[in-house]
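Reading the structure
Next come the chains, spelled out residue by residue.
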Amino acid sequence: MTNSAATAAVNRFGLGAMPGELAQAGNARGWLQAQLRVKPELTAFTDLPDSLEIIQRQTEYRQQRRRARNEAGKGPDKAADVAMVQEMRTNPAGNDTERTPLQQALRRDAMADLALRYRIAATTTTPFVERLVHFWSNHFAISIDKNSARLLAAPMEREAIRPHVLGHFSELLAAVETHPGMLLYLDNAASVGDDSMLAQRAERRDAKRKLGLNENLAREILELHTLGVDGGYAQQDVIELAKAITGWGTPLRRDMQKVGGSAFVFRPGAHEPGTRSVLGKRYAEGGEAQGRAILRDLAVHPATARHLSLKLARHFVSDTPSAALVERMATAFLRSDGSLPALYRAMIDDDAAWSADARKFKTPEDFVVSAMRAGGMQIDRRPLILMRLLQQLGQPTFTPRSPAGFPDTAADWASGDALRKRVQAAGVLAEQLATTRKPVELAADVLGAEAVQGPFAELLRRAGSPQEGFAVLFSSPAFQWRV
C-alpha cells in the first residue's frame, strides 16, 4: 500500500474526509474493516412515517381530491397526480398555504426524509458503510418521476436497503423486491396471472377486460439486480419469473385495516398457478414462497456474483477494474453463500484496490456530500439549496429516470458543461461554510498534505477571501477525484 492509503480509504471508499479523519484512517484497511462491524444508522429515522403509513395517507389524499372534484362537477384530474413530485424537484420549499393539511404533511415528511439522509452522509463516522447504502440504493434504483413511487424511494432505502447492507445478499434482494416502492415502480402490483382466479373472474364479468402479466420487475431482477445483462438468462426465464411473483403487491384501501403493519401484500387470487422453470430449475407451486425460492437461488448464482463484484469494483476502485480483482471478489461471495461483508472484505484486502491508478471521478452527489463533510456544512437544514444544487448538476435525488440507476464512470460526469456547473456550484457551497480555518489548511486536512503543494497551494493562499479560496478548493481536480 502507498503512503496515500488513508486518503484513498477516506475519499474513495468513504464519502470524503471530515477534518481530522485522515489521521484516524492511518491503518486504512483496519479503519474500513472496523466499520463493517458497526450497524448502519437506523434510529435516526424512527420518527418518520413508514411505507404503509405513506400509502394510507396517499390513499386518503386521493379520496379527498376525488370527492372535491365530484362535488365541483369535475372528472378525474390525472395531471394533479404528478404535481407534487414535479414541485419537489423544482421548488422543494413550496407554498404550504396552497395545500391541504394532508398534502402539507406528505411534503413535510418527504423533505425531512431527504434532509436526514444527507445529514447522516455529511456527519457519519462510518462513511464506508454509508457509501454502501447509497451504492445499493442506486443498484436497486427507483425514480420518483414515476408518480406511483414518488414518495417511496427514500423509505425503500431506509426500510429495505439500510438494514441489510451488512447481511447476506439474499436478504437484501428479498427486502427490496417485496418493498412497495419497487413493486409500484415496476408495476408488479398490477401484474395478474392469466390463469389466476382473479383474471378468470374478470373475464367472466367482462370478456373485453383483460388483466394480464407484467414482466417489468422480473426483467429488471434478472438484468439489473442479479445476473446482469450477460448472465445467461432467456426471455422465457423472464416470463416464468414474472408468473412466479404474480400476486406480490401493496395494500388496497380495503386491505388497510388487516395487513398487520406490512406494506407488502400477497394476493393468492392474482397468482399464476403451476410449476415454474427458471434457468433450468423447476419450482413447485407454492404461492408467495415460489417467487421467494427463485430469488434465493438467483442471489447466489455465479453470474450474480460476477455482476455484483464488477459493479462494486467499478464504484470503489476504478472505471475499469481488473478482471482478476472481480473474479477474486466473486469467489469470496460464492464461498460465503452470498455474504456481503465477505464480498466487501475481499475488495478491501486485495492489493489491486489500492494500486496507484485506482481512482474515481465524483458524481454530483459525491461532490456535494464531500464538500459538506469537508466544511462541516449544515446545508441539509436548508434543503432547497441542496436539492437545487443536485438538480443543476444533473443528479436530482432519487431521479435516475431509469431502473438502471445513475451512471458511475468519469465519462458520464466529466463533460465540459458539467465541469463548468461544478465551478459555479463550488462557489455556492463555499458561501455556506462557517469556519475560521484558512483554505490551504482545510485542503491539507481533507486531501492530504502531499496533494496541496506548489501552484495549487499558492492559489489557495492568494485567494481574495476565504470563500474564494474554498471555492478554488472545491472546484480543483484534486477535490473532484476520489483517489
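Each remark here, short or long, concerns the structure printed above.
The following paragraphs examine the structure supplied in this document. Every residue gets a number counted from 1 within its own chain, in the order that chain's sequence is written. In keeping with the model being predicted, local features are shown solely for residues with a pLDDT of at least 70 and side-chain atom pairs are shown and tallied solely at 80 or more, while totals for entire chains, interfaces and linings include all residues. In computing side-chain properties, one takes all heavy atoms of the structure into account and sets aside hydrogens as well as water.

1. A look at the overall build of the protein chain
Secondary structure follows DSSP: runs of H or I at least 4 residues long count as helices, runs of E at least 2 residues long count as strands, and numbering of each begins at the N terminus. Of regular secondary structure, the protein chain possesses 26 helices and six strands. The globule rule puts the C-alpha radius of gyration for 483 residues at 23 Å, and the 24 Å found for the protein chain is close to it. Reported as C-alpha extents along the three principal axes, the dimensions of the protein chain are approximately 80 × 60 × 40 Å. Counting across all 483 residues of the protein chain, residues that qualify as buried make up 55%. Summing over all exposed atoms, the protein chain offers an accessible surface of approximately 20,600 Å²; the carbon and sulfur share of this is 50%. Within the protein chain, the 55 negative side-chain charges are centred at a point lying 3 Å from the centre of the 62 positive side-chain charges. Note on method: radius of gyration uses C-alpha positions; expected globular size equals 2.2 Å times residues raised to 0.38. The cut-offs for exposure are 20% and 50% of the maximum accessible area for each residue type, with area from a 1.4 Å probe on protein chains only; residues under the lower value are buried, those over the upper are exposed, and the others partly exposed. For accessible areas, the Shrake-Rupley method is used with a probe of radius 1.4 Å. Any residue's cover is judged against the shown protein chains and nothing else. Under the counting rule used here, the positive set is Lys and Arg, the negative set is Asp and Glu, and His together with the chain ends is not counted. A charge is said to be at NZ when it belongs to Lys, at CZ for Arg, at CG for Asp and at CD for Glu.

2. Points about unusual backbone geometry
The phi dihedral of L279 is positive, around 55°, even though this residue is not glycine. Using a relative accessible area of 31% as the deciding quantity, one classes L279 as partly exposed. Of note, R401 is a non-glycine position whose phi angle comes to about 65°, a positive value. Here R401 is to be found in the loop between α20 (383-392) and α21 (410-413).

3. Some details on the nonpolar core
Among the nonpolar cores identified, the biggest contains 118 residues, and W136, F169, W354 and F474 are the most heavily contacted of them. Here, two residues are considered to be in contact whenever any of their heavy atoms come within 4.5 Å of each other. For F169, the residues in contact, after removing those within four places along its chain, are W136, F140, H225, T226, A299, T304, L308, F333, G338 and L340. Counting residues in hydrophobic clusters, the runner-up holds eight residues, among them Y61, L106, A110 and L151. Take the buried residues of types Ala, Val, Leu, Ile, Met, Phe, Trp, Tyr and Cys, join any two whose side-chain atoms come within 4.5 Å, and each joined set is a nonpolar core.

4. Focus on helix α16 (residues 302-316)
To estimate the expected span of a helix, count its residues, drop one, and scale the result by 1.5 Å. With 15 residues, α16 should cover 21 Å at 1.5 Å per step; its first-to-last C-alpha distance of 21 Å lies within 8% of that length. Along α16, the residues classified as buried are A303, T304, A305, H307, L308, S309, L312, A313, H315 and F316.

5. Remarks on the packing of aromatic side chains
Between rings of Phe, Tyr and Trp, where Trp is taken as its six-membered ring, a pair exists when centres lie within 6.5 Å; planes separated by under 30 degrees are stacked, by over 60 edge-to-face, and by other angles tilted. Enumeration according to the criterion identifies 16 aromatic pairs in this entry. A ring pair is formed by F140 and F169, whose centres lie 6.2 Å apart and whose planes are at 20°; its orientation type is stacked. With F140 in the loop between α8 (127-139) and α9 (153-161) and F169 in helix α10 (residues 169-177), this residue pair connects regions lying 29 residues apart in the sequence. Accessibility assignment for this pair places F140 and F169 in one class, buried. Where F367 meets F479, the ring centres are 6.4 Å apart and the plane angle is 80°; that geometry is what we call edge-to-face. Here F367, found in helix α19 (residues 364-375), pairs with F479, found in helix α26 (residues 477-480); they are 112 residues apart in sequence, far enough to count as distant. Like F479, F367 is buried. Counting as a charge over the ring demands two things of the Lys NZ or Arg CZ atom: a distance within 6 Å of the ring centre and an angle within 35 degrees of the ring normal. The cationic tip of R292 hangs over the ring face of W248; the distance from NZ or CZ to the ring centre is 5.8 Å.

6. Examining the pattern of salt bridges
Salt bridges are counted wherever a side-chain nitrogen of Lys or Arg sits within 4 Å of a carboxyl oxygen of Asp or Glu. Under the criterion given, the structure shown has 23 salt bridges. Two residues, K281 and D297, come together in a salt bridge whose shortest N-O distance is 2.8 Å. Of this pair, K281 sits in strand β4 (residues 281-283) while D297 is found in helix α15 (residues 288-299), placing the two residues 16 residues apart along the sequence. Residue D366 is joined to R482 by a salt bridge in which the shortest nitrogen-to-oxygen separation is 3.7 Å. You can see D366 sitting in helix α19 and its partner R482 sitting in strand β6 (residues 481-482), a full 116 residues away along the chain. Like R482, D366 is buried. If you follow the salt bridges from partner to partner, you end up with E53, R57 and D109 in one network.

7. Things to note about the packing of α20 against helix α22 (residues 416-431)
Interaxial distance between α20 and α22 falls to 10 Å at its minimum, and their mutual angle equals 170°. Of the possible angle classes, the one that applies to α20 and α22 is roughly antiparallel. For the pair formed by α20 and α22, the contact residues are I385, L389 and Q392 on the first element and K421, A425, V428 and L429 on the second. Where helices are involved, their axes are fitted lines through C-alpha atoms of the stretch in contact, as for all axes, and angles between N-to-C directions lie from 0 to 180°. Roughly parallel refers to an angle under 35 degrees, roughly antiparallel to one over 145, roughly perpendicular to one between 65 and 115, and oblique to any angle outside these ranges.

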